[in-house]
Amino acid sequence: MRIRRAVAAMLCSAFAMVLVSAPTFASGGTTRMVDTDGRASAGNCAGSGFAFKKIQKAIDASTSGDTVLVCPGTYEEQVAALGLSNFTLKSVDQGAATIKTPSVLAADYLVGLGEGNNISFQGFTLAVRAGDGINCQQLGEAILVADTVGSEIRANRIRATGGLTLGPCGYVVGIQVGLNGPFGSPPLAHRTGFSPAGPTPPASRATVDYNAVRDFIGAGIVVGGDPHARSLITRNSVRFLHETADASTCGSIPLAPGIAATAGIPRMGVPSLMGRLKSAMKTVVPGGTTSSICFAFGIIEGEGGTGDIVNNRVLSGPHSAFGTPRPVSTTGTTNPTAALFVGILQLVPGTGVGRTSVTDNAVFRTLAGVGGLAADNTTISGNFLHENILGVFLGSTVGATVNDNIAHNNAVGIGINDEAFPVNSVLSHDNTVTGNHVLGNFINSCFDNTTGGTGSYGTDDTWSGNTAEDNSSDPWGICGQAVV
């Protein structure tokens with residue numbers, strides 16, 4: 001209990017800090033004001049000077065080094081800050097300026113940032129239309145960041161609005177760094193303003209911090225899709241929370257192993273991604289379960305992308321990943337449980353000097369809290385994992401380090417699968433799992449189904465110094481002797 005309170009206090013304190021200090025990159029340039037009534041003075045929304053009524057108009061009038069300050073109000077427009085460097089776009093009051101999708105979409109993103117370096121986007125509320133029961137919109141990304149180095153996406157709140165916040169309506173990804181992502185990308189014609197990637201994708205490197213993302217279709221935050229995408233993802237809050245849904249209209253997947261997924265969400269039915277995940281989860285999902293979930297992912301980093309994922313809070317809510325039934329819908333069917341498939345997923349991340357790490361995050365109520373698929377040489381350290389089906393999971397991974405994590409009240413605390421791909425081409429081996437506290441888990445404290453190696457207890461991996469309340473590990477002993 002003390003640990004949970006400490007984690008909560010730490011996160012609350014960290015998010016409060018952004019209200020006090022939100023740095024901007026631009027300096028020495030022109031400051032332009034935006035207000036819904038067309039009146040404001042420099043830095044003063046109550047002033048009587050000229051102000052732009054549209055954010056995009058102010059951006060179009062700007063050059064590198066300028067600042068655009070946006071006064072409280074709702075701005076129904078898509079925004080692109082492209083080709084500007086050392087440029088700041090900031091809400092004057094934290095969260096008070098709302099950018100809302102228009103009724104007709106001109107691009108596949110609500111806010112596009114890039115084609116220049118050191119861009120700062122701070123303090124906005126982004127409201128993505130998710131439909132009203134009759135009309136339905138689907139947006140690729142609320143914020144798309146590409147072809148930029150040194151940029152920062154800070155202290156923004158991203159939400160879906162309307163009655164259809166699940167299924168094909170809403171936004172697929174909250175914040176994406178890199179032109180390509182794991183859910184498939186639309187034709188570049190829809191990437192209005194961005195240059196074609198060509199044979200070598202452009203550099204996409206940014207800091208993503210203090211943002212709050214919820215009600216997405218695919219993932220809250222994504223970095224990757226090419227080897228030039230890299231980010232620091234820190235102190236964000238990512239929550240997948242949907243109150244109603246029919247299994248026929250969302251990406252539901254039965255929990256019973258080996259059963260194919262039902263109707264997929266557009267741009268989410270990527271066979272390689274879903275095949276890998278379903279195969280990887282077969283050894284940990286209880287057989288014979290008939291409940292279904294509407295799934296998504298909290299933070300994904302990989303497919304060549306790299307970076308550090310530090311001090312984030314990721315959860316499904318308000319129900320547990322263990323399948324708390326949803327109320328019967330108006331159509332007479334039982335709504336599936338809304339849950340994150342993986343809270344933080346490393347999906348074939350880049351390796352070497354810039355490899356990814358997942359450190360000091362808190363993940364709740366997912367199928368897998370932190371998952372690594374082909375996440376060679378990665379580090380998963382100091383995370384707090386609670387009420388997940390599986391706390392930490394590795395598949396088809398070599399040379400990873402899993403240390404000093406706390407896995408409380410999951411079905412399985414920590415697990416390593418020999419392979420996680422439909423074709424048995426890469427086996428897990430030479431991973432190190434040490435110093436973890438694996439407590440109160442319902443099925444196994446730890447499991448490792450690699451065999452035949454020279455590692456601990458007949459596995460291909462090294463397990464040492466892990467503790468559990470009882471020794472329910474498979475094979476026996478990898479999580480240490482029983483703790484009284």
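Thresholds, definitions, all that
- Residues numbered from 1 in each chain as written.
- Predicted model: local features only at pLDDT ≥ 70, side-chain atom pairs only at ≥ 80, totals over all residues.
- Heavy atoms only, no water.
- Helix = DSSP H or I, 4+ residues; strand = E, 2+ residues; numbered from the N terminus.
- Buried < 20%, exposed > 50% of the residue type's maximum accessible area, 1.4 Å probe, protein only.
- Contact = heavy atoms within 4.5 Å.
- Areas by Shrake-Rupley, 256 points an atom, 1.4 Å probe, with all protein chains shown as cover.
- pLDDT = per-residue confidence, 0-100.
- Salt bridge = Lys/Arg side-chain N within 4 Å of Asp/Glu carboxyl O.
- Disulfide = S-S within 2.5 Å.
- Pairing = 2+ DSSP bridges.
- Core = buried A, V, L, I, M, F, W, Y, C linked by side-chain atoms within 4.5 Å.
- Polar contact = N/O pair within 3.5 Å; in protein donor to acceptor, adjacent residues only side chain to side chain.
- Phe/Tyr/Trp six-rings, centres within 6.5 Å; stacked < 30°, edge-to-face > 60°.

**Student:** What's the story with the overall build of the protein chain in this structure? I'm lost.
**Tutor:** Counting its secondary structure elements, the protein chain contains three helices and 37 strands. Taking all 484 residues of the protein chain together, 57% fall into the buried category. By sequence separation, contacts in the protein chain at least 24 residues apart represent 71% of the contacts at least 6 residues apart. With an accessible surface of roughly 17600 Å², the protein chain has 54% of that area assigned to carbon and sulfur atoms.

**Student:** So what exactly am I meant to see when it comes to the confidence of the model for the protein chain here?
**Tutor:** Low pLDDT marks stretches whose predicted atomic positions should not be read closely. On average, the protein chain scores 77 in pLDDT, and the residues at 70 or more come to 67%. For the stretch residues 243-276, pLDDT sits under 50, and the model shows 102 contacts to residues farther than four places along the chain or on other chains. A low-confidence stretch, residues 278-291 (pLDDT under 50), is modelled with 35 contacts involving residues beyond four sequence positions or located in other chains.

**Student:** Help me understand the pattern of salt bridges in this model?
**Tutor:** Pairing between side chains of opposite charge can happen when their charged atoms approach one another. Scanning the model with the defined rule gives six salt bridges in all. For the salt bridge of Glu-152 with Arg-154, the shortest nitrogen-to-oxygen distance reads 3.1 Å. A salt bridge links Arg-214 to Asp-215, with the shortest nitrogen-to-oxygen separation between them at 3.7 Å. For Arg-214, a relative accessible area of 25% translates into the label partly exposed. We classify Asp-215 as buried; its relative accessible area is 10%. Beyond isolated ion pairs, a larger network of salt bridges with shared partners links Glu-152, Arg-154 and Asp-209.

**Student:** Is there a simple way to think about the state of the cysteines in this case?
**Tutor:** Such a bond, covalent and formed between the sulfur atoms of two cysteines, is termed a disulfide. Inspection of every chain in the model, using the stated rule, returns two disulfides. At a sulfur-sulfur separation of 2.1 Å, the disulfide partner of Cys-45 is Cys-71. Residues Cys-45 and Cys-71 share a disulfide whose torsion about the S-S bond is about -95 degrees; that sign makes it left-handed. Placement of Cys-45 in the loop between β1 (31-34) and α2 (55-60) and of Cys-71 in the loop between β2 (67-70) and β3 (73-76) is noted, with a sequence separation of 26 residues between them. Residue classification places Cys-45 among the partly exposed residues on the basis of a relative accessible area of 22%. Shown here is the disulfide that connects Cys-446 with Cys-479, its sulfur atoms set 1.6 Å apart. Between Cys-446 and Cys-479 the disulfide shows an S-S torsion of about -45 degrees. By sign, it is left-handed.

**Student:** When you look at the pairing of strand β7 (residues 109-114) in this model, what are you seeing that I'm missing?
**Tutor:** Walk down a regular strand and you will see the side chains alternate between the two sheet faces. Among the six residues that make up β7, six are buried, leaving the element largely enclosed by the rest of the structure. In the sheet, strand β4 (residues 79-82) pairs with β7 via four bridges, with the strands oriented parallel. Across the sheet, Leu-82 pairs through a bridge with Gly-114, a residue of β7. Of the strand pairs in this sheet, β7 and strand β10 (residues 138-146) are connected by five bridges, and their pairing is parallel. Its bridge partner lying in β10, Gly-114 is registered against Ala-146.

**Student:** Looking at this structure, I do not really get the nonpolar core. What am I missing?
**Tutor:** Taken as a class, soluble globular proteins show a tendency for nonpolar side chains to be buried jointly. Counting 75 residues, the largest nonpolar core has Ile-55, Leu-89, Phe-121 and Ile-143 as its most contacted members. Element by element, the count of residues in this core is highest for β10, at four residues. Each residue touching Phe-121, except ones within four places of it in the same chain, is listed here: Leu-89, Ile-99, Val-111, Leu-113, Leu-126, Ile-143, Glu-152, Ile-153, Arg-154 and Asn-156. In this structure, Leu-347, Ala-368, Leu-390 and Ala-411 belong to the second largest nonpolar core, which totals 19 residues.

**Student:** Teacher, can you tell me more about the side chain of Ser-357 here?
**Tutor:** With respect to the helices and strands, Ser-357 occurs in strand β24 (residues 357-359). Engagement of the side chain of Ser-357 in a polar contact is seen with the side chain of Asp-308, the distance being 2.6 Å. Sequence-distant contacts of Ser-357, that is, excluding residues within four places in its chain, are made with Gly-307, Asp-308, Ile-309, Gln-346, Thr-378 and Thr-379.

**Student:** Can you walk me through the environment of Gln-138 in this structure?
**Tutor:** Structurally, Gln-138 can be placed in strand β10. Among the residues examined, Gln-138 registers a relative accessible area of 23% and is labelled partly exposed. With 79 residues separating them along the chain, Gln-138 and Ile-217 place their C-alpha atoms 9.2 Å apart.

**Student:** What is the right way to look at the pairing of strand β14 (residues 204-209) in this model?
**Tutor:** Here five bridges tie strand β11 (residues 148-154) to β14, and the two strands are oriented parallel to one another. Within β14, the position partnered with Ile-153 by the bridge is Val-208. As defined by bridge partners, β14 adjoins strand β17 (residues 229-234) across six bridges and the pair is classed as parallel. Opposite Ser-204, over in β17, you have Ala-229 as the bridge partner.

**Student:** What should I look at first to understand the packing of aromatic side chains in this one?
**Tutor:** Each aromatic ring pair is described using two quantities: the centre-to-centre distance and the angle formed by the ring planes. According to the stated counting rule, one finds four aromatic pairs in the structure shown. Plain terms: the ring middles of Phe-216 and Phe-240 are 5.5 Å apart, the flat faces sit at 35 degrees to each other, and that makes the pair tilted. With Phe-216 in the loop between β15 (212-214) and β16 (219-224) and Phe-240 in strand β18 (residues 237-241), the pair connects residues that are 24 residues apart, well separated along the chain. The two residues Phe-216 and Phe-240 agree in class, both being buried. An angle of 65 degrees between the planes, with centres 6.0 Å apart, marks the rings of Phe-364 and Phe-384 as edge-to-face. Linking Phe-364 in strand β25 (residues 362-364) with Phe-384 in strand β28 (residues 384-386), this pair joins segments that are 20 residues apart in sequence. With a relative accessible area of 12%, Phe-364 lands in the buried category.

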